[in-house]
Amino acid sequence: MGNRRFSSSITILIIAMLLVYISKNLTAETKQLPIYNPTDFNSELVDLSKQKDSINHVVANFSLINQNGDSVSHLDYQDKIYVADFFFTCCPSICLIMTNNMNKMQDFFIEDEEVKLLSLSVIPVLDSVPV
C-alpha cells in the first residue's frame, strides 16, 4: 500500500513538472495547456470511483487564509500555472512524501513567476502554523 502511494505521488509530481515544461515551450499559436482527466491515466493510479470520468476538471473560485493570516484567492493565481496539493499534519504516510515532493518543486521553480504552488490543509482546525 505504501509503495503504491509513493508511486502515485511521484507520478503526480512528474506530471505536474511535465505540464509546466509543456506550457513554457508551447508556441504562441498553441499556448494552451492540455486538460487531463482520470480516463487519460493508468487505471491502477486512479480511484475506482473516478476511473470513468472524462469531463474536464475545473477548479472553482476560492478565498482562503494562508499561514501568515493573509487572504489568498483564485485571483492571486489567475493566469498562472499552479500545482495544488491537499494534506493534513497528522497523516502517517503519504503526506510527508507529498510535502517533500512539493518542496522539490518549490526549489525547482523558485525563480519562476509563472508557476505557483498551493498546499491546502484538509483539517485546518488541527493544522495550525506551528504544527
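Just so it is clear, the model here is predicted, and its values are computed rather than measured.

Would you take a moment to explain the environment of Phe-86 for this structure?
Mapping Phe-86 onto the fold places it in strand E3 (residues 81-87). Not counting residues up to four positions away in its chain, the partners in contact with Phe-86 are Met-98, Leu-120 and Val-122.

What's the story with the confidence of the model for the chain in this structure? I'm lost.
Low pLDDT marks regions whose predicted coordinates should not be analysed in detail. A residue-level look at the chain finds 79% of positions with pLDDT of 70 or above and a mean pLDDT of 79. Within the chain, the lowest mean pLDDT, 65, falls on helix H1 (residues 2-25), and the highest, 93, falls on strand E2 (residues 71-73).

I'm lost on the nonpolar core in this one. Help?
The nonpolar side chains of a soluble globular protein tend to be buried, and buried together. Counting residues in each nonpolar core, the largest one holds seven residues, listed as Val-20, Ile-81, Val-83, Met-102, Met-105, Phe-109 and Val-115. Put simply, the parts of the chain that give this core at least two residues each are E3 and helix H2 (94-109). With three residues, the single largest contributor to this core is H2. Among the nonpolar cores identified, the runner-up in size contains five residues, and Phe-62, Val-72, Leu-118 and Leu-120 belong to it.

Please clarify how H2 should be interpreted in this entry.
Helical geometry: 3.6 residues make up each α-helical turn, so side chains three or four residues apart lie on a common side. In a regular helix each residue adds 1.5 Å, so 16 residues correspond to 22 Å; H2 covers 22 Å between its end C-alpha atoms and thus fits that length. Taken as a whole, H2 has its buried residues at Ile-94, Cys-95, Asn-101, Met-102, Met-105 and Phe-109. Projected down its long axis, H2 carries its buried residues within an arc of 125 degrees, all on one side. Every exposed residue of H2 that faces more than 90 degrees away from the buried side is listed here: Leu-96, Lys-104 and Asp-107.

Where do I start with the pairing of strand E4 (residues 115-121) in this structure?
Bridge analysis of E3 against E4 gives seven bridges, and the strand direction is parallel. Paired with Asp-85 across the two strands is Ser-119, which belongs to E4. Each parallel crossover has a hand, and for E3 linked through H2 to E4 it is right-handed.

Would you mind showing me how to read the packing of aromatic side chains here?
The way to describe two aromatic rings as a pair is by their centre distance and the angle between their planes. Summed over all chains, the structure comprises three aromatic pairs. Seen from their ring centres, Phe-62 and Tyr-77 are 6.0 Å apart, and the 55 degrees between their planes marks the pair as tilted. Separated by 15 residues along the polypeptide, Phe-62 in the loop between H1 and strand E1 (63-65) and Tyr-77 in the loop between E2 and E3 bring together distant segments of the chain. The pair Phe-62 / Tyr-77 is uniform in exposure class, with both members buried. With a centroid separation of 4.7 Å and 80 degrees between ring planes, the pair formed by Phe-108 and Phe-109 is classed as edge-to-face. Through pairs of rings, three or more aromatic residues link up here, namely Phe-62, Tyr-77 and Tyr-82. Sitting above the plane of the Tyr-77 ring, Lys-116 keeps its charged end 5.1 Å from the centroid.

Any chance you could explain the state of the cysteines here in plain terms?
Structurally, a disulfide amounts to a covalent bond that connects the sulfur atoms of two cysteines. Applying the stated criterion to the full structure yields zero disulfides. The thiol of Cys-90 is unpaired, and the distance to the nearest cysteine sulfur, on Cys-91, comes to 7.5 Å.

About the thresholds
- Residues numbered from 1 in each chain as written.
- Predicted model: local features only at pLDDT ≥ 70, side-chain atom pairs only at ≥ 80, totals over all residues.
- Heavy atoms only, no water.
- Helix = DSSP H or I, 4+ residues; strand = E, 2+ residues; numbered from the N terminus.
- Contact = heavy atoms within 4.5 Å.
- pLDDT = per-residue confidence, 0-100.
- Core = buried A, V, L, I, M, F, W, Y, C linked by side-chain atoms within 4.5 Å.
- Buried < 20%, exposed > 50% of the residue type's maximum accessible area, 1.4 Å probe, protein only.
- Expected span 1.5 Å × (residues − 1).
- Arc of directions from axis to C-beta.
- Pairing = 2+ DSSP bridges.
- Right-handed = clockwise from strand over helix to strand, strands pointing away.
- Phe/Tyr/Trp six-rings, centres within 6.5 Å; stacked < 30°, edge-to-face > 60°.
- Lys NZ or Arg CZ within 6 Å of the ring centre and 35° of its normal.
- Disulfide = S-S within 2.5 Å.

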